Amino acid sequence: MADQYAQSGEDIRPPENPTIPVNQVKEAAPAIPAIRWAEPPEGPVLVLLDQTRLPGEETELVCTDAPALVEAIRTLAVRGAPLLGIAGAYGVALAAARGFDVDEAAVAIAGARPTAVNLGYGVRRALAAYRSAVAGGAGREQAGAAALAAARALHGEDAEASARMAVHGLALLDEMLPGGGHRILTHCNTGALVSGGEGTAFAVALAAHRAGSLRRLWVDETRPLMQGSRLTAYEAARAGMAYTLLTDSAAGSLFAAGEVDAVLIGADRIAADGSVANKVGSYPLAVLARYHHVPFIVVAPVTTVDPETPDGASIEVEQRAGHEVTEVTAPYVPMAGFEAGGGIAVAPLGTQAYNPAFDVTPPELVTAIVTEEGVVSPVTAEGLGELCARSRQVSMS
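Being a predicted model, the structure only gives us computed values, none of them experimental.

Some points on the packing of aromatic side chains
One pass over the structure, following the stated rule, counts one aromatic pair. Judged by centre distance (6.0 Å) and plane angle (25°), the ring pair of Trp 37 and Tyr 90 falls under stacked. With a gap of 53 residues between them, Trp 37 in strand S2 (residues 35-38) and Tyr 90 in helix H2 (residues 81-98) connect regions that are remote in the sequence. Considered together, Trp 37 and Tyr 90 belong to a single accessibility category, that of buried residues.

Thoughts on the pairing of S2
For S2 and strand S3 (residues 45-49), the ladder comprises four bridges, and the chain directions are antiparallel. In the strand pairing of S3, Ala 38 is matched with Val 45. Taking the residues between adjacent antiparallel strands as the criterion, S2 and S3 are bridged by six residues, where Gly 43 takes a positive phi near 130°.

So, the environment of Arg 79
Assignment of secondary structure puts Arg 79 in the loop between helix H1 (66-74) and H2. A sequence separation of 37 residues divides Arg 79 from Ala 116, and the C-alpha atoms of the two residues are 9.3 Å apart. Contacts of Arg 79, omitting those with residues within four sequence positions, involve Gln 51, Leu 84, Arg 113, Cys 188, Asn 189, Leu 193, Val 194, Gln 227 and Leu 231. Within the local environment of Arg 79, its side chain forms a polar contact with the side chain of Gln 51, the two groups lying 2.8 Å apart. From its side chain, Arg 79 meets the backbone oxygen of Asn 189 in a polar contact 3.0 Å long.

Overview of the packing of helix H5 (residues 140-176) against helix H6 (residues 201-210)
Helix-helix packing is characterised by the crossing angle of the two axes and by the distance between the axes. Interaxial distance between H5 and H6 falls to 8 Å at its minimum, and their mutual angle equals 65°. At the point where H5 passes H6, the crossing takes the right-handed sense. Counted together, Ser 162, Met 165, Ala 166, Gly 169, Leu 170 and Leu 173 of H5 and Ala 203, Val 204, Ala 207 and Ala 208 of H6 form the full contact between these two elements. When its residues are assigned to classes, the contact of H5 with H6 shows eight nonpolar, two polar and no charged.

Re the pattern of salt bridges
What the rule picks out here adds up to 16 salt bridges. Here Glu 60 makes a salt bridge to Arg 36, at a shortest N to O gap of 2.8 Å. Residue Glu 60 is found in strand S4 (residues 57-63), and its partner Arg 36 is found in strand S2; the two are separated by 24 residues along the sequence. Overall, Glu 60 belongs to the buried group, its relative accessible area being 8%. On the basis of relative accessibility, which here comes to 30%, the residue Arg 36 falls in the partly exposed class. Between Asp 50 and Arg 53 there is a salt bridge whose closest N-O contact spans 3.6 Å. According to the relative accessible area criterion, Arg 53 is partly exposed, its value standing at 21%. Overlapping salt bridges bring together Arg 113, Glu 318, Arg 320 and Glu 324 as one network.

Quick notes on the rules
Residues numbered from 1 in each chain as written. Predicted model: local features only at pLDDT ≥ 70, side-chain atom pairs only at ≥ 80, totals over all residues. Heavy atoms only, no water. Phe/Tyr/Trp six-rings, centres within 6.5 Å; stacked < 30°, edge-to-face > 60°. Helix = DSSP H or I, 4+ residues; strand = E, 2+ residues; numbered from the N terminus. Buried < 20%, exposed > 50% of the residue type's maximum accessible area, 1.4 Å probe, protein only. Pairing = 2+ DSSP bridges. Contact = heavy atoms within 4.5 Å. Polar contact = N/O pair within 3.5 Å; in protein donor to acceptor, adjacent residues only side chain to side chain. Axes fitted to C-alpha atoms, helices over the stretch in contact; angles between N-to-C directions. Left-handed = near helix turned anticlockwise from the far one by under 90°. Nonpolar A, V, L, I, M, F, W, Y, C, P; charged D, E, K, R; others polar. Salt bridge = Lys/Arg side-chain N within 4 Å of Asp/Glu carboxyl O.

So this is what it looks like as structure tokens:
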């Protein structure tokens, strides 16, 4: 039986001085971590920052079993490829620590969202540690501790990978766009809310901000779930970055006006040929960038590269509920009887909606893929293969 409950953190309020725009506020309270393991007296739990309630309030969602985590993943309370991998690993450890069927939990968690390859990777890594411990004669408690150690290791590795991607990405930006003053367009959310560290693409923009070379961060709303306006703008405001929010359909006019120097996005899966699955709306940005001769850069850890997926056509694209398009809801405003699918209609009753969560950008439209192990440019199957092989050698040494 799924068991999850929420506990509210500090509400997000505007700055006390109303004359200071929120995107110029330099100081902010420490952010609640996107994910953490806790061991209260009643037993181990996995604690998530509920991203469906941002930016209105910071509320933690407490999961005590795998079904609760699966629900959190499906509703996007926890999201973003690297963080899903971490959550998947912790979910296996949670099932072991709570005495549930670990294999059953692993299957359920891994299948919660099909496109993000990191989710399955994290589950398999913790499950392998658990099974190895059992095979070695360990009891359930010791095997659970092994799974938890694997999850914590993955969490730490992702934080390190985030920092290294930021270094490589900033160096690439400075090489391609000497002189600073970068005007970067980003899509969806790729910051600390999707990572064990400061993120993927957003971490590069944040590094540019800290170096004094970020002139403007253009933030797509990212329809239909608004991860850009709700989450990226929230993170940019906390960091004191100069940012501007725009509707997805306004991106073309920005390119035409010469206001975009580079596009930085993350990825949920990168196929062996370099095709990139990312939040829907990424592919049109790549087409715009190519036409306007603007670099289109993907930032993702090596774990997001899936050598078992040969090309973009082989990537399973998650299809989400139509009501996310046909209705407007306020997920972070608690209202009695206000359930998903019960929002304010913005289309006639019965309207069918095409609502893919992702689209796929072919490698020929990608200027570079930035990982913690370095940069692949031009993007080719051979280049990606060499990078992944190099990464495996590093991890084994």
